[in-house]
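# Geometric and topological summary
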Amino acid sequence: MQQGAWTFGRRRDGFVAPYSWREARFLAYDPTRFATDGMVKPFDLVAQGGADNVWIVECGSKADWPSFAAFRAAVASAPVEVLPRGPGTADGVSDGFDVTYGSPSRGRIELGWDGPLVVEGREVALDHARWDNPFVRASADGAVIEVAHEGLSLRLDFAAPARSVARMP
């Protein structure tokens, strides 16, 4: 269900609401032409126009909200301000955005292309890993990613660029 820039979904007791600054729509696939793993309803939410977009996702559950309708109403009425930082470059590269979102569950959230993440007036560190699982732990700004599993390894060097696959001793 879409309402303005928000798309709402529910699965059992879980709620999700992705917001897209660019107009978003579901793509419909012909299951006779594309592998859809048995899914017959549109499932691929895309925003038209390019990679320069702002996505916000608000999640909730029945434990957090009296109903899915209450979740939808609160999120749909939450203020969102998206300010492009400039016209972009001649080849279409965005200058980024400054975003402010009045999350009904977390309060005021601010994030700038070059600025910090601020939630309710407090800066939140963004030192998270890009990947963090049993096979690879890599920082978000890492130029080299190494994946290892069952005696095999994959090394991706985005700075070089280079890729190597090896059997570990």
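Notes on the structure follow.

### Observations regarding the overall build of the protein chain
- Helix and strand counts for the protein chain stand at one helix and 17 strands.
- Over its C-alpha atoms the protein chain spans a radius of gyration of 20 Å, topping by over 25% the 15 Å that the globule rule assigns to 169 residues.
- Each of the three principal axes of the protein chain carries a C-alpha extent, and together these read 55 × 45 × 40 Å.
- For the protein chain, the proportion of its 169 residues judged to be buried stands at 24%.
- Considering only residue pairs separated by 6 or more positions, the protein chain has 35% of its internal contacts joining residues 24 or more positions apart.
- Within the protein chain, the 22 negative side-chain charges are centred at a point lying 8 Å from the centre of the 18 positive side-chain charges.

### Observations concerning the side chain of Thr7
- Secondary-structure assignment places Thr7 in strand β2 (residues 6–7).
- Among residues more than four places away in sequence, those in contact with Thr7 are Met1, Gln2, Val16, Ala17, Pro18, Phe26 and Leu45.

### Examining the pattern of salt bridges
- The final tally for this structure, using the stated rule, is seven salt bridges.
- The residue Arg22 makes a salt bridge to Asp52 at a minimum N-O spacing of 2.6 Å. You can see Arg22 sitting in the loop between β4 (14–20) and β5 (24–27) and its partner Asp52 sitting in the loop between β6 (44–47) and β7 (55–61), a full 30 residues away along the chain.
- Judged by its relative accessible area of 24%, Asp52 is partly exposed.
- One network of salt bridges, in which partners are shared, links Arg85, Asp98 and Asp114.

### Quick word on the sheet that holds strand β16 (residues 152–157)
- The antiparallel open sheet is built from three strands, whose spatial order is β15-β16-β17. The open sheet has two free edges, formed respectively by β15 (144–149) and β17 (162–167), since each of these has just one partner strand. Each neighbouring strand pair of the sheet contributes to a mean axis angle of 10°, computed without reference to strand direction.
- Bridge analysis of β15 against β16 gives six bridges, and the strand direction is antiparallel. The partner of Ala148 across the bridge, within β16, is Ser153.

### Brief notes about the sheet that holds strand β11 (residues 117–119)
- Strand order in the open sheet formed by five strands is β8-β9-β10-β11-β12, with antiparallel pairing between adjacent strands. The sheet is open, and its two edges are formed by β8 (80–84) and β12 (122–124), each paired on a single side. Pairwise comparison of adjacent strand axes, ignoring direction, gives a mean angle of 15° for this sheet.
- Across six bridges, strand β9 (residues 97–103) lies against strand β10 (residues 107–112) in antiparallel orientation. The partner of Tyr101 across the bridge, within β10, is Ile109.

### Concerning the packing of aromatic side chains
- As enumerated under the stated definition, the model contains 11 aromatic pairs in all.
- Ring centres of Phe15 and Phe68 lie 5.1 Å apart, and the angle between their planes is 45°; on these two criteria the pair is classed as tilted. Placement of Phe15 in strand β4 and of Phe68 in helix α1 (residues 68–76) is noted, with a sequence separation of 53 residues between them.
- A relative accessible area of 13% places Phe68 in the buried class.
- Between Trp65 and Phe71 the ring centres are 5.7 Å apart and the planes differ by 75°, which places this aromatic pair in the edge-to-face class.
- Given a relative accessible area of 14%, Trp65 falls into the buried group.
- A network of ring pairs unites the aromatic residues Trp6, Phe8, Phe15, Tyr19, Trp65, Phe68, Phe71 and Tyr101 as a single cluster.

What counts, and at which threshold
Residues numbered from 1 in each chain as written. Predicted model: local features only at pLDDT ≥ 70, side-chain atom pairs only at ≥ 80, totals over all residues. Heavy atoms only, no water. Helix = DSSP H or I, 4+ residues; strand = E, 2+ residues; numbered from the N terminus. Rg over C-alpha atoms; globule rule 2.2 N^0.38 Å. Buried < 20%, exposed > 50% of the residue type's maximum accessible area, 1.4 Å probe, protein only. Contact = heavy atoms within 4.5 Å. Lys, Arg positive; Asp, Glu negative; His and termini not counted. Charge placed at Lys NZ, Arg CZ, Asp CG, Glu CD. Salt bridge = Lys/Arg side-chain N within 4 Å of Asp/Glu carboxyl O. Pairing = 2+ DSSP bridges. Axes fitted to C-alpha atoms, helices over the stretch in contact; angles between N-to-C directions. Phe/Tyr/Trp six-rings, centres within 6.5 Å; stacked < 30°, edge-to-face > 60°.

Interpretation in functional terms is not warranted from these geometric data alone.
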